[in-house]
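Report on the structure
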Amino acid sequence: MGLNATPSGERLHIGFFGCRNAGKSSVVNAVTGQNLAIVSDVKGTTTDPVYKAMELLPLGPVMIIDTPGIDDEGELGLQRVQKTRQVLNKTDIAILVVDSVKQLTTADRTLITLFEEKQIPYLVAYNKSDLADAALQNNHAIRVSAKTGDGIHTLKERIGQLSQTDSTPKHLVGDLLTANDIVVLVTPIDESAPKGRLILPQQQTIRDILDADAVSIVTKETTLKETLRSLGKPPKLVITDSQAFRLVADITPKEVPLTSFSILMARYKGFLESAVRGAAAISRLRDGDTVLISEGCTHHRQCNDIGTVKLPNWLKQYTGKELRIATSSGTEFPEDLSPYQLIIHCGGCMLNEREMTYRMKCAGDAGIPMTNYGTAIAQINGILARSVECFPHIRALLD
């Protein structure tokens, strides 16, 4: 992904839902002005959620999601319905597309109940209004016709009104900095590093530093000591990839604040406090306990992958226990968390805040401690308190 592309986790997620043949895909195409989704008179043409990142005026960068029919049938249909329900966990705005001829079905009403339970802003788009004059039942409803284009502009305007949220800027690190502060970023380059580019949290951190009129210096852990020596003044902050935490902590002077990209991302996504509390559970693990290591994206696993190799090894070495390790990635976050005694999640850079909040809530409801890579690795290395010193209210949790 290029540095100028908006990450999926930063895009407004707009999900289109409804029964088969209500015209969801046609409405998606009409709203976007593109043929993003396959359209057919055959029921169930959309078999899996279709994601498309795009610029949608006047909203800006969005993620459009076209889902399978909620009334799909058979064993495969049930799986598709389950996928549709998973999409709800990341949906910022929901559009329920209803066939104006058939009006609201039981499945449609079930979706509305789910929107309201999950506190998802929603609209009900009565499609095919050129064929029937649907009776609008509440202020969520709007008449549209994907065929003629009637009501589509109004629908986009209504979506825009629902998208107006808190405009307070969010920062990974910029709110900790003043102009001309120096921030040293430690980015190991090993076999698991992507070829020719930095990973997303590193890119975002660099941009946030620049936006604060501060200075970012990027180095590897093997050159950190010389980098610090060459600076004319101590840096305001050192930020490291979590897997190099121990080495970087040994090199960085005690008076220089130190944290990790993963810890910054946990704060950005709103779950640093929970992650710090959850890290304490590592010391309570017992023989036979199962730890779920979950990642928000899917990627090719390298031979020394952090989620499947390094973290499990560090956990077993730290606890001295015989642990069972389970993994999940992408959208496949387990619905039943009862088999696990601890969840260690990645930073969540590819997930939007709603989905991270959903996963935290699932863990909380199940009574399962949940932490993330950075806080877990800091805990294992005995430097968790130091790694959150720049956040006094979080540091106080450890006293």
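Reading the values: rules and limits
- Residues numbered from 1 in each chain as written.
- Predicted model: local features only at pLDDT ≥ 70, side-chain atom pairs only at ≥ 80, totals over all residues.
- Heavy atoms only, no water.
- pLDDT = per-residue confidence, 0-100.
- Helix = DSSP H or I, 4+ residues; strand = E, 2+ residues; numbered from the N terminus.
- Contact = heavy atoms within 4.5 Å.
- Buried < 20%, exposed > 50% of the residue type's maximum accessible area, 1.4 Å probe, protein only.
- Pairing = 2+ DSSP bridges.
- Right-handed = clockwise from strand over helix to strand, strands pointing away.
- Axes fitted to C-alpha atoms, helices over the stretch in contact; angles between N-to-C directions.
- Polar contact = N/O pair within 3.5 Å; in protein donor to acceptor, adjacent residues only side chain to side chain.
- Salt bridge = Lys/Arg side-chain N within 4 Å of Asp/Glu carboxyl O.
- Arc of directions from axis to C-beta.
- Phe/Tyr/Trp six-rings, centres within 6.5 Å; stacked < 30°, edge-to-face > 60°.
- Lys NZ or Arg CZ within 6 Å of the ring centre and 35° of its normal.

Averaged over the protein chain, the pLDDT score is 86; the fraction of residues at 70 or greater is 88%. The element-level mean pLDDT for the protein chain is lowest in helix α2 (residues 74-88), coming to 72, with strand β9 (residues 237-240) highest at 98. Per-residue pLDDT stays below 50 along residues 37-46; that stretch engages in 20 contacts with residues further than four places along the chain or on separate chains.

The element strand β5 (residues 122-127) is largely enclosed, with a buried count of six among its six residues. Both strand β4 (residues 93-99) and β5 contribute to a ladder of six bridges, which runs parallel. Bridge pairing in β5 links Ile-95 to Leu-123. Each parallel crossover has a hand, and the one from β4 via helix α3 (residues 106-117) to β5 is right-handed. Sheet analysis places β5 next to strand β6 (residues 141-143), joined by three bridges and oriented parallel. Following the sheet pairing, Tyr-126 is matched in β6 by Arg-143.

Within a beta sheet, neighbouring strands are joined by backbone hydrogen bonds and run either parallel or antiparallel to one another. Across the sheet, four strands lie side by side as β12-β11-β13-β14; this open sheet has parallel pairing. The strands lining the two open edges of the sheet, one partner per strand, are β12 (324-328) and β14 (370-372). Neighbour to neighbour, the strand axes of the sheet diverge by 25° on average, direction disregarded. Strands β13 (342-345) and β14 of the sheet are contacted by helix α9 (residues 272-279), whose axis makes an angle of about 105° with β14.

Because side chains alternate across β13, one face comprises the buried residues Leu-342 and Ile-344, and the other comprises Ile-343 and His-345, equally buried. Sheet topology places strand β11 (residues 290-294) next to β13; four bridges connect them, and they run parallel. Counted as the bridge partner of Leu-292 is Ile-343 from β13. Handedness of the β13-helix α11 (residues 353-366)-β14 crossover: right-handed.

A few words now on the sheet that holds strand β1 (residues 12-18). Taking strand neighbours across the sheet as the criterion, the six strands line up as β2-β3-β1-β4-β5-β6 in an open arrangement whose pairing is mixed. Two strands close off the open sheet at either side, each with one partner strand: β2 (50-56) and β6. Here the strands of the sheet are splayed against their neighbours by 25° on average, with no regard to which way each runs. Where β1 and β4 come together, five bridges link them in parallel fashion. The partner of Phe-16 across the bridge, within β4, is Ile-95. On the sheet, helix α1 (residues 24-32) packs against β1, β2, β3 (60-66), β4 and β5 and is oriented at approximately 145° with respect to β1. Contacts from α3 reach β1, β4 and β5, with the element oriented near 165° to β4.

Its place among the elements puts Ser-328 in strand β12. Given a relative accessible area of 9%, Ser-328 falls into the buried group. A distance of 2.8 Å separates polar atoms of two side chains, one belonging to Ser-328 and the other to Ser-294. Beyond its immediate chain neighbours, meaning those up to four positions away, Ser-328 contacts Leu-292, Ile-293, Ser-294, Glu-295, Phe-333 and Pro-334.

As a further point, take α1. When you tally the buried positions in α1, you get seven out of nine residues, the bulk of the element. Each element contacted by the buried residues of α1 is listed here: β1, β2, β3, β4, β5 and α4 (152-162). Just past α1, the residue Gly-33 takes up positive phi, approximately 70°.

This next bit is on the pattern of salt bridges. For side chains of opposite charge, pairing can occur when their charged atoms come near one another. All told, the structure shown has 14 salt bridges when counted by the stated rule. Residue Lys-236 pairs with Asp-181 through a salt bridge whose shortest N-O separation is 3.2 Å. One end of the pair, Lys-236, is in the loop between α6 (224-230) and β9; the other, Asp-181, is in the loop between α4 and β7 (182-186), with 55 residues separating them in the sequence.

The next subject is α9. The complete set of buried residues in α9 reads Leu-272, Ala-275, Val-276, Gly-278 and Ala-279. In an axial view of α9, the angular spread of the buried residues amounts to 165°, which keeps them on one side of the axis. Buried positions along α9 lie against α8 (261-268), β13, β14, α12 (373-380), α13 (384-387) and α14 (392-395).

Under the counting rule described, the total for this entry stands at two aromatic pairs. Between Phe-115 and Tyr-122, the aromatic rings sit 5.4 Å apart at their centres with planes inclined by 40°, giving tilted as the arrangement. Accessibility classification places Phe-115 together with Tyr-122 in one group, the buried group. One aromatic cluster is present, formed by Phe-17, Phe-115 and Tyr-122 through successive ring pairs. Taking NZ or CZ as reference, Lys-170 lies 4.4 Å from the ring centre of Tyr-268, over its face.

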